[in-house]
Amino acid sequence: MFILPRQNRLSDGDANRRIAAMAGLCSLLGFLAGCATSQPSSAPVQSPIYASLAATRMDAASARDLVNGYRHNLKLSSLTLDPILMQQASNQAQSMAAGGDVSKGVRTDIRARLAAAGLKDRKARESVSAGYFTISDAFSGWRGSPNHDATLRFEPATRMGIAAVHKPGSRHNIYWALILSD
């Protein structure tokens, strides 16, 4: 047993206070460590624009809302989802995924494809890309590219179609197509 010299000894009251403080500190540290490792009772709700398409399907309405928010800030018209444009975007994304690359899978001119689908004499623009796992990332990539941004800013547009195809093991994994039309 170690005994402190008389001048360094603590009174019984001081020693008890220090022991209580140390016990309190240990309890607090234990509580904090438990908080850091415990799981929340429910998972946080994640916006569909940040959902990885490797694990889920794309939410077209959320994509539309994201594009519309951007267009609204530019004082451009809002877009509605169009079933024919959605199908054409899906066909394009599937074609790129089948080809394993954006350039190998791009089909004929967008206006020719829309005319063949019954939408003749339409003004339209299309953006394709690959490798983005979320709507948010794809949108940011499009917005950061002058050619793709021109599609997002296409003034006569009132309708849109968007699709993403996940092909695991392919060069880019995710293939995107966005079509805007009047």
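Before reading on, note that the structure itself is shown above.
Residue positions are given per chain, counting from 1 as you read along its sequence in written order. Confidence filtering applies because this is a predicted model: local features only for residues at pLDDT of at least 70, side-chain atom pairs given and counted only at 80 or more, and all residues used for totals across whole chains, interfaces and linings. The side-chain numbers reported here are obtained from all heavy atoms of the structure, hydrogens and water having been left aside.

Comments concerning the overall build of the protein
Part 1 of the argument: Counting secondary structure elements, the protein contains 7 helices and 4 strands.
Part 2 of the argument: Along the protein, helices (α) and strands (β) appear in the sequence α-α-β-α-α-α-β-α-α-β-β when read from the amino end.
Part 3 of the argument: Per-residue burial for the protein yields a buried fraction of 35% across its 182 residues.
Part 4 of the argument: Restricting the contact set of the protein to residue pairs at least 6 apart, pairs at least 24 apart contribute 68%.
Part 5 of the argument: Accessible surface for the protein amounts to roughly 11,000 Å². Of this, 55% is attributable to carbon and sulfur atoms. Runs of E in the DSSP output that reach at least two residues are strands. Runs of H or I that reach at least four are helices, and both are numbered from the N terminus. Three labels apply to residues, based on accessible area from a 1.4 Å probe with only protein chains included: buried if under 20% of the type maximum, exposed if over 50%, partly exposed otherwise in between. Should any heavy atoms of two residues lie within 4.5 Å, those residues are counted as being in contact. Under the convention used here, a 1.4 Å probe and the Shrake-Rupley method define accessible areas, while residue burial counts only the protein chains that appear.

Quick look at the nonpolar core
Part 1 of the argument: Here, the term nonpolar core denotes a set of buried Ala, Val, Leu, Ile, Met, Phe, Trp, Tyr and Cys residues that are joined through side-chain atoms within 4.5 Å. Core analysis: the largest hydrophobic core is formed by 19 residues, its most contacted members being W142, L152, M160, I162, W176, L178 and L180.
Part 2 of the argument: Elements represented by at least two residues in this core include exactly α2 (60–73), α6 (135–143), β3 (159–166) and β4 (174–181).
Part 3 of the argument: In this structure, L85, L114, Y175 and I179 belong to the second largest nonpolar core, which totals 17 residues.

Some words on the pairing of β4
Side-chain direction in a regular strand flips from residue to residue, so the side chains alternate between the two faces of the sheet.
Part 1 of the argument: The buried fraction of β4 amounts to 8 of the 8 residues, a majority that puts the element mostly inside the structure.
Part 2 of the argument: Here β4 shows two buried faces, one formed by I174, W176, L178 and L180 and the other by Y175, A177, I179 and S181.
Part 3 of the argument: Should DSSP find at least two bridges between two strands, the strands are taken to pair. With 8 bridges joining them, β3 and β4 adopt antiparallel strand pairing. Looking at the pairing, V165 lines up with Y175 of β4.

Comments concerning empty space enclosed by the protein
Part 1 of the argument: Two kinds of site are reported from a 1 Å grid over the protein atoms alone, namely cavities, where a 1.4 Å probe fits but cannot get out, and pockets, open sets with protein on both sides within 12 Å along at least five of seven lines, and residues are called lining when an atom falls within 4 Å of a point. Grid points are joined across faces, edges and corners, and a volume is the space filled by probe spheres set on the points. Summed over the entire model, instances satisfying the criterion amount to 1 cavity of 30 Å³ or more.
Part 2 of the argument: For the largest cavity, the full set of lining residues is A63, L66, V67, I135, A138, F139, W142, I162 and W176.
Part 3 of the argument: The dominant element in the lining of the largest cavity, judged by the number of residues it contributes, is α6, at 4 residues.
Part 4 of the argument: Amino acids are sorted into nonpolar (Ala, Val, Leu, Ile, Met, Phe, Trp, Tyr, Cys and Pro), charged (Asp, Glu, Lys and Arg) and polar (every other residue, Gly among them). Its residues assigned to classes, the lining of the largest cavity shows 9 nonpolar, no polar and no charged.

A closer look at the environment of A98
Part 1 of the argument: The topology assignment puts A98 in helix α3 (residues 83–99).
Part 2 of the argument: In this structure, the C-alpha to C-alpha distance between A98 and S170, residues 72 residues apart in sequence, is 9.0 Å.

Observations regarding α2
Part 1 of the argument: To estimate the expected span of a helix, count its residues, drop one, and scale the result by 1.5 Å. Taking 1.5 Å per residue as the helical rise, α2 with its 14 residues ought to reach 20 Å, and the 20 Å between its terminal C-alpha atoms agrees with that figure.
Part 2 of the argument: Listing the buried residues of α2 in full gives A60, S62, A63, V67, N68, Y70 and R71.
Part 3 of the argument: On its buried face, α2 sits against β1 (80–81), α3, α6, α7 (146–152), β3 and β4.
Part 4 of the argument: Downstream of α2 by one or two residues, K75 has phi in the positive range, about 65 degrees.

So, to be careful, I would describe these as geometric facts and stop short of saying anything about function.
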